[in-house]
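Here is how the chains run, residue by residue.
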Amino acid sequence: MRQHSIVFQRYLTVIYFILIFTLPGSASAEKPLETVKGYADKVLDVLRDPALKGESSKKVRKEKIREISKKMFDFNELSKRTLSNHWRKLNPEQQQEFVRLYTSLLEDAYADKILSYTNEKITFSREIMLSDRIAEVQSIVQRRTAEIPIYYRVMLKDGAWRVYDVVIEGVSLINNYRSQFREILLKDTPEALLQTLRKKVGKT
Amino acid sequence: MKILLSAIVISLFLCPFSLRAETDAPSARSGQAVVAERPEEQIPSPQLDSEDGDKGPDLQGDEEEDGGGADKGEAEEEEAAPEQDTRIPDPFVSVNRVVYQVNDRFYFWLLKPVAQAYGHIPEDIRVVVSNVYDNLKAPARFLNNAMQLRLRAAGTELARFVINSLAGVGGIGDAARDAFGIKKQDADFDQTLGHYGLGHGFYIVLPVFGPSSVRAAVGLVGDRLMYPLTYVRHEDLSYAAATGIAAHEMVNETSFRIGDYEAMKDAAIDPYVSMRNAFTQYRQKKVRESIKKD
């Protein structure tokens, strides 16, 4: 009888340790919606910070938002998915440069839009798991005369959910850029694409 | 009935166009852009891509985009959210690009300055104006929802039209939404045509109206036929007045959206292509919604 309970206790201990060692991996990763909402709240905090108001601190605000976006977005994944089949046509150095240029293009393009934020209300409504590691977080931006659905596609990598696509009113960001890059890559070399990007990023 | 007739008339009218498209395309100056819209032959199918079995959901199907990372060692990362094939034939790309440029000038030189000046009118008033115009489109939304057999949505639009026209005094306020929580159920004739399996046709940039397709152009006419003001006698509403009303609506709507087009243009490598892609994705989403709901 006593033997039995010792075995049983050991058994429990084993289960306990298994649980301890396996759970944190999955439990430490927040839910996709919480993660995206968390980042969005951080951006809103920066935009609403009275200390950062005004034209003079625009640069500081932009820098802070850039910091958050670096954590929020998986620019590597986003770049790969944008170029899709063409990604392989770039050699590793070109791939690296592409990620860097594309990242700053997106930051430049959207930072101004975010900075001109005019108290539109954002509601995070729900998350849909598209697979074990891919989810869609749905949000709605309330404007005076319209509601704009903005969906974030996120991927779980190394225990963290990060955004790899933003779908606004059904228009996927990476799909949109893919159509533009494709036009270049079908006629020209990857180097020409990088040159176009360098010019675009250097200008803004 | 009238709608059907006009749809036939329009398609007859557009028929020579589409025939010309076939013959003109190869000789078009920027024929390459047309080629770009065709399936890319060098792209391996997803099945050939990963020999060790693609674990990702096979949602990509036969689309050319595999949407995933491409490194051999990261085959497991090739799962992707469902993506649509977003290409649209553009046989008149050189003409379209010119019209796009004209519309761009029209926006920056005329529409935007006017809308900005107009924007000095308090927002609350502009919202009321927007509500009135929107209420006039409720019959079209009701009919399109009904044609798509989205009966609940159609019923909602009917209820909204009645409530907003009566309680909202001709749609001044969105009483249906604010007091009853009944939300707008958008639907249009392009969507209805798509709902029944009609494709885009090819891409057309319309003067003033902007990005469109053969189907969307028919859609515009169809929606116009479901618009109450179309049926006001000309003695009561002259063409000039009707155009003035349409222009006012455009300015009023634009006053809420200044900066959107600029942002899109700034972000784009090729604004024309970006816009064409956004149009296609948006219309595809509308058609998907019409099939999903109700």
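Reading the values: the criteria
Residues numbered from 1 in each chain as written. Chains lettered and ligands numbered in written order. Predicted model: local features only at pLDDT ≥ 70, side-chain atom pairs only at ≥ 80, totals over all residues. Heavy atoms only, no water. Helix = DSSP H or I, 4+ residues; strand = E, 2+ residues; numbered from the N terminus. Buried < 20%, exposed > 50% of the residue type's maximum accessible area, 1.4 Å probe, protein only. Contact = heavy atoms within 4.5 Å. Areas by Shrake-Rupley, 256 points an atom, 1.4 Å probe, with all protein chains shown as cover. Pairing = 2+ DSSP bridges. Axes fitted to C-alpha atoms, helices over the stretch in contact; angles between N-to-C directions. Core = buried A, V, L, I, M, F, W, Y, C linked by side-chain atoms within 4.5 Å. Phe/Tyr/Trp six-rings, centres within 6.5 Å; stacked < 30°, edge-to-face > 60°. Polar contact = N/O pair within 3.5 Å; in protein donor to acceptor, adjacent residues only side chain to side chain. pLDDT = per-residue confidence, 0-100. Parallel < 35°, antiparallel > 145°, perpendicular 65-115°, else oblique. Left-handed = near helix turned anticlockwise from the far one by under 90°. Nonpolar A, V, L, I, M, F, W, Y, C, P; charged D, E, K, R; others polar. Salt bridge = Lys/Arg side-chain N within 4 Å of Asp/Glu carboxyl O. Expected span 1.5 Å × (residues − 1). Patch = residues over 30% accessible without salt bridge, like charges linked within 9 Å, V, L, I, M, F, W, Y side chains within 5 Å.

Caption draft 1: Representation of the overall build of chain A. Helix and strand counts for chain A come out as seven helices and five strands. Counting from the amino terminus, helix and strand elements in chain A follow one another as α-α-α-α-α-β-β-β-β-β-α-α. Evaluated residue by residue, chain A yields a buried proportion of 48% over its 204 residues. Pairs at least 24 apart in sequence give 50% of the contacts found in chain A among residues at least 6 apart.

Caption draft 2: How the structure looks around the overall build of chain B. A tally of helices and strands in chain B yields 13 helices and two strands. When contacts within chain B are restricted to residue pairs at least 6 apart in sequence, those whose partners lie at least 24 apart make up 70%. Accessible area for chain B stands at about 15300 Å²; split by element, carbon and sulfur atoms hold 65% of it.

Caption draft 3: Quick peek at the pairing of strand β4 (residues 160-168) of chain A. Residues and elements named next belong to chain A. For strand β3 (residues 147-157) and β4, the ladder comprises eight bridges, and the chain directions are antiparallel. Each residue of the ladder has a partner; that of Y151, found in β4, is V167. Here β3 folds back onto β4 in antiparallel fashion, the turn holding two residues, of which D158 has a positive phi close to 50°. Judged from the two bridges that link them, β4 and strand β5 (residues 171-172) form a sheet pairing that is antiparallel. The residue of β5 that forms the bridge with V167 is S172.

Caption draft 4: Broad picture of the sheet that holds strand β1 (residues 121-129) of chain A. Residues and elements named next belong to chain A. Read across the sheet, five strands follow the order β1-β2-β3-β4-β5 without closing on themselves; strand pairing throughout is antiparallel. For this open sheet the edge positions go to β1 and β5, each flanked by a neighbour on one side alone. Sheet analysis places β1 next to strand β2 (residues 134-142), joined by eight bridges and oriented antiparallel. Bridge assignment links I122 to a residue of β2, and that residue is V141. Seen against the sheet, helix α4 (residues 75-83) touches β2, β3 and β4 and runs at an angle of roughly 45° to β4.

Caption draft 5: Main features of the nonpolar core. With 53 residues, the main nonpolar core has F98(A), Y102(A), Y152(A), Y177(A) and F181(A) as its most contacted residues. By size, the runner-up hydrophobic cluster in this structure holds 20 residues, among which are L111(B), A115(B), Y118(B) and Y261(B).

Caption draft 6: Here's a closer look at the packing of aromatic side chains. All names here are of chain A. Counted by the stated rule, this structure contains 15 aromatic pairs over all chains. Plain terms: the ring middles of F124 and Y152 are 6.2 Å apart, the flat faces sit at 25° to each other, and that makes the pair stacked. Residue F124 is found in strand β1, and its partner Y152 is found in strand β3; the two are separated by 28 residues along the sequence. In this pair, the class of F124 matches that of Y152, namely buried.

Caption draft 7: Seen up close, the side chain of N96(B). Residues and elements named next belong to chain B. Examined against the element boundaries, N96 turns out to sit in helix α4 (residues 93-118). Reaching out from N96, the side chain makes a polar contact with the backbone oxygen of Y203 at a distance of 3.0 Å. Excluding residues that lie within four positions of it along the chain, N96 makes contacts with D90, Y203, I204, V205 and Y272.

Caption draft 8: Just the confidence of the model for chain A, in detail. Residues and elements named next belong to chain A. Per-residue confidence for chain A gives a mean pLDDT of 85, with 86% of residues at or over 70. Mean pLDDT per element in chain A: helix α1 (residues 2-27) is the minimum at 61, and α4 is the maximum at 95. Segment residues 24-28 is flagged for pLDDT under 50; beyond a separation of four residues in sequence, or across chains, it makes one contact in the model.

Caption draft 9: Region of interest: the side chain of N175(A). For N175(A), the location among the structural elements is in helix α6 (residues 173-187). N175(A) gets classed as buried once you look at its relative accessible area, which sits at 4%. Within the local environment of N175(A), its side chain forms a polar contact with the side chain of N277(B), the two groups lying 3.0 Å apart.

Caption draft 10: View of the packing of helix α5 (residues 92-115) of chain A against α6(A). Residue and element names in this part refer to chain A. Across the interface, α5 lies against α6 with an axial gap of 14 Å and an inter-helix angle of 120°. When the axis of α5 is compared with that of α6, the two are oblique. The handedness of the crossing between α5 and α6 comes out as right-handed. Here α5 contributes F98, Y102, L105, L106 and Y110 to the contact with α6, which in turn contributes L173, I174, Y177 and F181. Of the residues contributing to the contact of α5 with α6, the split by class is nine nonpolar, no polar and no charged.

Caption draft 11: Looking closely at the pattern of salt bridges. Residue and element names in this part refer to chain B. Applying the stated rule across the entire model yields 32 salt bridges over all chains. A salt bridge links E157 to R160; the shortest N-O distance between them is 3.6 Å. Here E157 and its partner R160 are both found in helix α7 (residues 151-166), three residues apart, which amounts to about one turn of the helix. Overall, E157 belongs to the buried group, its relative accessible area being 0%. Residues joined in a network through salt bridges with shared partners are D134, R141, E157, R160 and K184.

Caption draft 12: View of the pairing of β3(A). Residue and element names in this part refer to chain A. As paired elements, β2 and β3 share nine bridges and run antiparallel to each other. Across the sheet, the residue bridging to V141 is I148, located in β3. Where β2 folds back onto β3 in an antiparallel hairpin, the turn is made up of four residues.

Caption draft 13: Inspection of α6(A) at higher detail. Its 15 residues give α6(A) an end-to-end C-alpha distance of 22 Å, which sits within 8% of 21 Å, the value for a rise of 1.5 Å per residue. Most of α6(A) sits out of view: 13 of its 15 residues are buried.

Caption draft 14: Structural detail: the environment of I68(A). Residue and element names in this part refer to chain A. Summarising the element assignment, I68 is placed in helix α3 (residues 58-72). Sequence separation between I68 and V46 is 22 residues; the distance between their C-alpha atoms is 9.9 Å. Discounting residues that sit within four places of it in the chain, I68 has contacts with Y39, K42, V43 and V46.

Caption draft 15: Molecular detail of a nonpolar patch on the surface. Together, V208(B), F209(B), L220(B) and V221(B) line one region of the surface with nonpolar side chains, adding up to about 340 Å² of accessible area. Residue V208(B) is classed as partly exposed on the basis of its relative accessible area, which comes to 41%.

Caption draft 16: Quick peek at unusual backbone geometry. One non-glycine residue, S84(A), lies in the positive phi region at around 50°. Along the polypeptide, S84(A) turns up in the loop between α4 and α5. Even without glycine at this site, V208(B) takes up a positive phi of about 65°. Mapped onto the elements of the fold, V208(B) is located in the loop between β1 (203-206) and β2 (210-213).

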